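# A structural walkthrough
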Amino acid sequence: MFSTFQRLQQYCGYVTSVVLCLMAAISVSSLIQQAYFTPTPSVSISVDNVSIKYGKPPYGFNYKRQEYASMTFDLDADLSPLFNWNTKQLFVYLAATYPGKPYANKVVIWDEIITSKKDAVLSLRNTTADYVIYDVTGKFNERTAAVSLEWNVQPHVGLLTYDKGEGRSKFTFPPLTDAKKN
Amino acid sequence: MSSHLQTIILEGSIDLVGQQLADSITSYYVSFAGIIGFLSGFISQDIKLTVYICSVLFTIGLFVVVFPWPFYKRHPLRFLKHEKTN
């Protein structure tokens, strides 16, 4: 601490240490807050108007003509409890899970980025899903899918956390009625 | 003039008691500023407040610690007088 530059260096070094500790404290405190002091958000989903078409899906790298499913849904969710002081934004998505061989399938049908607490109350009516579902086998065979709301909490400082809502909705892929089948 | 300024500001030497004082000010003040920033942000649930408070307090501390203020020079070393040997 004898000369100006020694003091500058020592001061900046200590400030860096304190900032690191501060960031660790913010990250740990917000994780604790999220795990123990945040009520589970209420979610209700209902999927309807599931329709199956035959053809090339409207997007993707799949050039095969096959069955694809589009749908509309109603969604009510209050995600505002997830916003604490360390939440930058939420990535919210609806995931449809249905059985398959050798692994079960999980497909995202709708997603949204929520950046502020006042936008976190979702109330969607008769909304068309953003993405269609197409299966790797090309056929759905009237399997049953469960749709649940899942989200990532993206913090300013710390770890990205994954979670999902309690409510889920089930639907069965209807049989293909299109005349152009085969 | 320029060499005088260089000695005062750029070299900025302070005495031993002043060095100890600068060291304690650094550790106590910066830790205190970090705690204040954390608590204010946590209570108001706003991380921007933490960023603003910490940056302002850290900048104030930088000016207090780095420059060779007179209160760092109140205990100058007294050297013994040179003895004539012949």
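## A short note on helix α3 (residues 47-66) of chain B
- In this model, α3 of chain B (20 residues) spans 28 Å end to end at C-alpha, consistent with the 28 Å of a helix rising 1.5 Å per residue.
- Of the surrounding elements, those touching the buried residues of α3 of chain B are α1 (4-36) of chain A together with α2 (16-44) of chain B.
- Structurally, the start of α3 of chain B carries an N-cap: the backbone nitrogen of K48 of chain B is 3.2 Å from a side-chain oxygen of D46 of chain B.

## Concerning the environment of G13 of chain A
- Structurally, G13 of chain A can be placed in helix α1.
- In the structure, G13 of chain A is positioned 92 residues away from N105 of chain A in sequence and 50 Å away in space, judged by C-alpha atoms.

## Here we look at the packing of α1 of chain A against α2 of chain B
- Packing of α1 of chain A against α2 of chain B brings their axes to within 10 Å, and their N-to-C directions diverge by 25 degrees. Taken together, the axis directions place α1 of chain A and α2 of chain B in an arrangement best described as roughly parallel. Crossing geometry of α1 of chain A relative to α2 of chain B is assigned as right-handed. On α2 of chain B, the residues touching R7, Q10, Y11, Y14, V15, V18, L22, A25, I26, S29 and Q33 of chain A of α1 of chain A are A22, D23, T26, S27, Y29, V30, S31, G34, F38 and F42 of chain B.
- Residue composition of the contact of α1 of chain A with α2 of chain B, by class: twelve nonpolar, seven polar and two charged.

## Considerations on the packing of α1 of chain A against α3 of chain B
- Put simply, α1 of chain A and α3 of chain B touch, their axes get as near as 10 Å, and they point 160 degrees apart. Between α1 of chain A and α3 of chain B, the crossing angle belongs to the class labelled roughly antiparallel. α3 of chain B is crossed by α1 of chain A, and the crossing has right-handed handedness. From α1 of chain A, T4, R7, L8, Y11, C12, V15, V18, V19, L22 and I26 of chain A reach across to α3 of chain B, where they touch I47, T50, C54, L57, F58, G61, L62, V65 and V66 of chain B.

## Focus on the domain arrangement of chain A
Residue and element names in this part refer to chain A.
- Parsing chain A into structural domains produces domain 1 (1-37) and domain 2 (40-172).
- Computed from C-alpha coordinates alone, the two centres of domain 1 and domain 2 are separated by 39 Å.
- With eight residues of domain 1 at the interface, the matching set in domain 2 holds eight residues.
- Counting each side, the surface lost to burial between domain 1 and domain 2 is near 730 Å², with a carbon and sulfur contribution of 63%.
- Looking only at domain 1, the three residues that lose the most surface to domain 2 are I26, L31 and Q34, adding up to 53% of its buried area.
- Taken together, the connections running from domain 1 to domain 2 amount to zero salt bridges.
- Inspection of the region where domain 1 meets domain 2 yields two residue pairs in polar contact (both at pLDDT 80 or more).

What counts as what
In this numbering scheme, every chain counts its residues from 1 along its sequence in written order. Whichever chain is written first becomes A and whichever ligand is written first becomes 1, with later ones labelled in order. At least 70 in pLDDT is required for a residue's local features to be given in this predicted model, at least 80 for side-chain atom pairs to be given and counted, and no such filter applies to totals for whole chains, interfaces and linings, which use all residues. With hydrogens and water stripped out, all remaining heavy atoms of the structure feed into the side-chain values. Helix and strand assignments come from DSSP, with helices taken as H or I runs of at least 4 residues and strands as E runs of at least 2, each series counted from the N terminus. Here a helix's expected span is defined as the number of its residues, less one, multiplied by 1.5 Å. Contacts between residues were defined by any pair of non-hydrogen atoms, one from each residue, lying within 4.5 Å. Polar contact is defined as a pair of N or O atoms within 3.5 Å, subject to the rule that within protein one atom must be able to donate a hydrogen and the other to accept it, and that residues adjacent in sequence are counted only when both atoms are side-chain atoms. Axes here refer to lines fitted to C-alpha atoms; in helices the fit is confined to the stretch in contact. Angles between the N-to-C directions go from 0 to 180 degrees. Roughly parallel means an angle under 35 degrees; roughly antiparallel means over 145; roughly perpendicular covers 65 to 115; every other angle is labelled oblique. Take the far helix as your reference; a near helix turned counterclockwise from it by less than a right angle gives a left-handed crossing, and one turned clockwise gives a right-handed crossing. Classification used: nonpolar for Ala, Val, Leu, Ile, Met, Phe, Trp, Tyr, Cys and Pro, charged for Asp, Glu, Lys and Arg, polar for all others including Gly. Throughout the structure description, domain borders are defined by an automatic or database domain assignment. Joining two parts hides part of their accessible area as seen by a 1.4 Å probe, and the buried area is that hidden amount summed over both. Salt bridge, as applied in this entry: a Lys or Arg side-chain nitrogen positioned within 4 Å of an Asp or Glu carboxyl oxygen.

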